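Fold and geometry: a report
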Amino acid sequence: MPATTEVKIDPETKTLVREGIENQINPFDLYALEEAVRTKEKMEAAGEPSTVIAICKGAPHAEEQLREAISLGADEAVLLTDRRMAGADTWCTSYELAAAIKRFEPDIVFCGMQAIDGDTGQVGPGIAVHLNYAQAAYVAEIISIEGKKMVVKRLIEDGYEVVELRLPAVLTVVKEINEPRTPSLRGKMAAKKAQITVWNADDLNLPEDKIGLLGSPTQVVKVMTPPCRSGGDKYEGEPAELADKLYDVLKCLEVV
Amino acid sequence: MSIRVDETKCNGCGLCVRSCGTNAIEIKDKLATITVEGCTMCGACVAACRFNAISIDIEKQPREDLDKYKGVWVFGEQRGGRVAPVVFELIGVGRNLADARRSELAVIILGNNISDAANELAEYPVDKVYIYEAPELEVYDAERYCRVLTDVVREFKPEIFLAGATTTGRSFMSGVAINLYTGLTADCTGLEIGEDGLLHQTRPAYGGNIMATILCPYTRPQMATVRHKVFPMSPKRAQGRAEIINLTPKPNLFSSRSKFLEFIETVGEKVNLTDANIIVSGGRGVGGPEGFEVIRELADELGAAVGASRAAVDAGWISYAHQVGQTGKTVCPKIYIACGISGAVQHQVGMRSSDIIIAINKDPNAPIFSIADYGFVGDLFEIIPALVRKIRQMRGVEAVCRV
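It should be emphasised that the depicted structure is a prediction, and the values quoted were computed from it without experimental measurement.

Calculation rules
Residues numbered from 1 in each chain as written. Chains lettered and ligands numbered in written order. Predicted model: local features only at pLDDT ≥ 70, side-chain atom pairs only at ≥ 80, totals over all residues. Helix = DSSP H or I, 4+ residues; strand = E, 2+ residues; numbered from the N terminus. Buried ≥ 20, exposed ≤ 12 C-beta atoms within 10 Å, placed from the backbone. Contact = placed C-beta atoms within 7 Å. Domains from an automatic or database assignment. Nonpolar A, V, L, I, M, F, W, Y, C, P; charged D, E, K, R; others polar. Pairing = 2+ DSSP bridges. Axes fitted to C-alpha atoms, helices over the stretch in contact; angles between N-to-C directions. Expected span 1.5 Å × (residues − 1). Core = buried A, V, L, I, M, F, W, Y, C linked by C-beta atoms within 7 Å. Parallel < 35°, antiparallel > 145°, perpendicular 65-115°, else oblique. Left-handed = near helix turned anticlockwise from the far one by under 90°.

**Considering the overall build of chain B**
Scanning chain B for helices and strands turns up ten helices and 22 strands. Taking the principal axes of the C-alpha coordinates as reference, chain B spans close to 65 × 65 × 45 Å. Counting the 403 residues in chain B, one finds 52% classified as buried. Across chain B, every contact between residues at least 6 apart in sequence was considered, and the portion connecting residues at least 24 apart equals 63%.

This is the structure we're talking about:
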């Protein structure tokens with residue numbers, strides 16, 4: 001069972017994680033990758049060999065994150081990189097990734113529920129429609145996989161939905177699904193040696209007018225920084241006084 | 001397609017450098033220089049430049065006559081006949097957009113046995129309520145919803161199509177936009193019709209560090225999912241009712257590779273986090289699962305939902321469904337009460353758009369105080385029980401007074 005992990009990395013994450021970390025794998029994709037590796041391990045234990053392929057679209061230096069994916073258990077990695085794919089919105093991003101994923105005809109595509117920069121959550125479900133696969137978003141648990149049938153639990157607003165899917169399928173996963181491992185020494189060695197496949201738009205026969213900024217239906221026309229929130233009043237003192245003060249605040253806000 | 005800096009207009013002020021998310025711009029000899037490898041063509045610098053010196057050239061034409069598309073449509077999300085609260089907010093903003101475009105506002109509702117829900121929607125200021133009823137649509141199914149709505153949009157050609165940014169809206173709308181090859185903007189917090197007649201969609205990105213305004217100029221409909229609690233709920237109509245129109249279901253659209261098996265309600269939680277007007281959240285300072293009892297007690301008194309920081313969830317004190325922050329939920333209640341939460345940036349991105357933030361923390365230097373409207377420095381285990389007592393006591397007094 002070749003499983004594919006869409007490890008979407010955006011170099012722009014830097015702006016959010018302001019602790020001097022360079023690029024990183026989108027946190028949600030780490031859960032996706034971990035679940036893909038766990039699924040593979042279970043399949044192998046059941047006597048069904050399978051492969052995990054990490055796919056990422058990004059600038060050439062995103063290769064580093066793909067090596068990290070290999071250190072965490074991916075068997076192969078593919079980097080989609082092309083100037084012509086820059087500026088893609090979610091329509092084009094899912095189109096480009098779907099084209100790469102199709103080459104492997106996977107049974108299960110694991111995606112993070114959203115990225116932490118754009119956090120649209122639209123790419124995973126978009127890939128499913130481009131590929132014409134079954135889909136389940138916000139998956140919190142894989143209950144079973146038997147043959148071409150899979151049962152998953154989706155986390156929704158007020159509970160969980162249990163859904164059966166016929167494979168192939170695209171899943172987007174939430175954090176609750178697992179606790180990602182840290183790279184093993186063997187994984188780190190494998191990551192160093194790994195050959196990363198690099199594809200551009202021509203390798204995938206993608207028409208130029210359907211990729212990148214040119215193919216994207218949406219356009220960003222204005223970007224602004226919202227005014228910073230600043231702290232207001234700060235109270236110190238005896239707990240009973242503070243409780244009284246807090247009561248007064250809640251009273252003013254008309255909630256008590 | 002290319003990005004260009006006009007040397008005659010650029011004065012090297014550096015605004016673009018700061019706007020760039022990928023550090024692809026530097027100022028060399030008083031001129032902005034863009035490294036092509038680092039640039040993702042996101043357009044942030046084009047928007048940031050006050051001198052119109054940066055441009056991205058892109059030649060594009062609509063593929064069809066866009067004037068054929070008219071009206072604003074709202075997706076009337078329901079489950080078990082109960083209309084999602086965000087729908088009434090969408091009707092409010094949708095009405096304004098439709099009026100600005102001098103067009104009609106319609107709401108479409110999918111499901112089975114949903115005439116009560118349709119009648120309820122007809123009491124709001126929409127022009128039409130479309131019902132699409134079939135046993136196959138009894139529960140949410142991503143594939144069926146996606147196919148049915150694609151088909152309906154192709155037939156009726158709305159100019160604008162809105163849905164709530166719920167787990168449902170966020171999962172099927174993407175597919176509808178893919179099928180129609182049109183744009184979809186996620187989690188909008190601002191929607192208005194510009195002078196150009198287009199829908200100007202504003203959304204937070206990078207965890208709310210920036211606000212981006214997005215257009216969909218060449219394709220229709222212009223589609224958006226909209227965050228909860230950003231727009232006020234629409235009042236009911238002053239008079240009359242909207243016209244209710246039954247659409248004829250097309251069974252050929254109902255094939256699906258997924259099957260709903262069961263719904264598991266989260267036990268013991270009265271209020272859902274994203275719908276809540278008040279959230280009381282606990283963090284590391286809560287100290288353990290039993291500490292959340294104190295949080296729950298206050299939440300019960302206030303009719304609030306219980307939230308948590310990542311630290312509390314990772315420690316196993318409370319389930320992930322409660323997590324607020326970058327890897328959890330983004331919430332914007334009227335009041336957010338952070339108890340024993342230090343307020344790391346990853347937590348802040350999930351709650352900083354709350355109207356009022358109240359923080360209780362022992363550490364006077366906790367970052368949460370820098371964004372809290374009301375900060376209380378002290379032990380939550382002393383303050384909250386005292387507050388709960390006070391609330392109960394005052395309620396008791398009021399009850400007596402009323403008698």
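There is more to say after this.
**Comments concerning the domain arrangement of chain B**
All names here are of chain B. By domain assignment, chain B separates into domain 1 (2–57), domain 2 (66–253) and domain 3 (278–402). Relative placement of domain 2 and domain 3: their C-alpha centres are 34 Å apart. Residue composition of the side of domain 2 that touches domain 3, by class: one nonpolar, two polar and two charged.

**A word on the sheet that holds strand 20 (residues 335–339) of chain B**
Overall, parallel pairing links the six strands, which are arranged 11(A)-22(B)-21(B)-20(B)-18(B)-19(B) in an open sheet. Pairing within the sheet leaves two strands with one partner each, and these edge strands are strand 11 (233–236) of chain A together with strand 19 (305–308) of chain B. Strand-to-strand twist in this sheet, taken as the mean axis angle between neighbours without regard to direction, amounts to 20 degrees. Direction of pairing for strand 18 (residues 278–282) of chain B relative to strand 19 of chain B: parallel, over a ladder of four bridges. The residue bridging S281(B) from the neighbouring strand is G307(B), located in strand 19 of chain B. Across the sheet, helix 7 (residues 239–252) of chain A touches strand 11 of chain A together with strand 21 (356–361) and strand 22 (374–377) of chain B, and the angle it forms with strand 22 of chain B is around 165 degrees. Against the sheet, helix 7 (residues 291–302) of chain B touches strand 18, strand 19 and strand 20 of chain B, its axis set at about 170 degrees to strand 18 of chain B.

**Some words on the interface of chain A and chain B**
Taken together, the contact pairs 77 residues of chain A with 91 residues of chain B. In terms of residue class, the side of chain A that touches chain B is made up of 41 nonpolar, 18 polar and 18 charged.

**What to know about the pairing of strand 3 (residues 76–80) of chain A**
Residue and element names in this part refer to chain A. With four of five residues buried, strand 3 lies mostly within the body of the structure. Here three bridges tie strand 3 to strand 9 (residues 197–199), and the two strands are oriented parallel to one another. Opposite L80, over in strand 9, you have W199 as the bridge partner.

**Some words on helix 1 (residues 27–45) of chain A**
All names here are of chain A. Along its 19 residues, helix 1 runs 27 Å from first to last C-alpha, staying within 8% of the 27 Å computed at 1.5 Å per residue. Residues of helix 1 that are buried: F28, D29, L30, Y31, A32, L33, E34, E35, A36, V37, T39 and K40. Looking one or two places after helix 1, you find G47, whose phi comes out positive at around 85 degrees.

**A few points about the nonpolar core**
Note that soluble globular proteins tend to have their nonpolar side chains buried in a common cluster. Membership of the largest hydrophobic core comes to 159 residues, with the highest contact counts inside it found for A54(A), I127(A), V139(A), L171(A), I108(B) and I109(B). Here this core spans two domains, and each of domain 1 (2–57) and domain 2 (66–253) of chain B adds at least three residues to it. Not counting residues up to four positions away in its chain, the partners in contact with I109(B) are G76(B), Q78(B), I114(B), A117(B), A118(B), L121(B), V129(B) and I131(B). Of all hydrophobic cores here, the second largest spans 53 residues; its members include L246(A), I357(B), I360(B) and L387(B).

**Side note on the pairing of strand 20 of chain B**
All names here are of chain B. Along strand 20, five of the five residues are buried, which leaves the element largely enclosed by surrounding structure. Burial along strand 20 is two-sided: the face carrying I335, I337 and C339 and the face carrying Y336 and A338 are both buried. Here five bridges tie strand 18 to strand 20, and the two strands are oriented parallel to one another. Bridge pairing links I279 to Y336 in strand 20. Sheet analysis places strand 20 next to strand 21, joined by five bridges and oriented parallel.

**Description of the packing of helix 5 (residues 142–156) of chain B against helix 6 (residues 167–180) of chain B**
All names here are of chain B. The geometry of helix 5 relative to helix 6 is characterised by a closest axis approach of 9 Å and an angle of 45 degrees between their N-to-C directions. The angle between helix 5 and helix 6 places the two elements in the oblique class. Between helix 5 and helix 6 the crossing geometry is right-handed. Of helix 6, the residues touching helix 5 (which contributes A142, Y145, C146, L149, T150 and V153) are S171, F172, G175, V176, N179 and L180.

**A look at the sheet that holds strand 9 (residues 128–133) of chain B**
Residue and element names in this part refer to chain B. Strand order in the open sheet formed by seven strands is 11-15-10-5-8-9-16, and the pairing between neighbours is parallel. Lying at the two open borders of the sheet, with one neighbouring strand each, are strand 11 (184–188) and strand 16 (243–247). Each adjacent strand pair in this sheet contributes to an overall mean axis angle of 25 degrees, direction not counted. By the bridge criterion, three bridges tie strand 11 to strand 15 (residues 222–226) in an arrangement that is parallel. By the bridge assignment for strand 15, L184 is matched with M223. On the sheet, helix 6 packs against strand 5 (72–75), strand 10 (160–164), strand 11 and strand 15 and is oriented at approximately 170 degrees with respect to strand 15.

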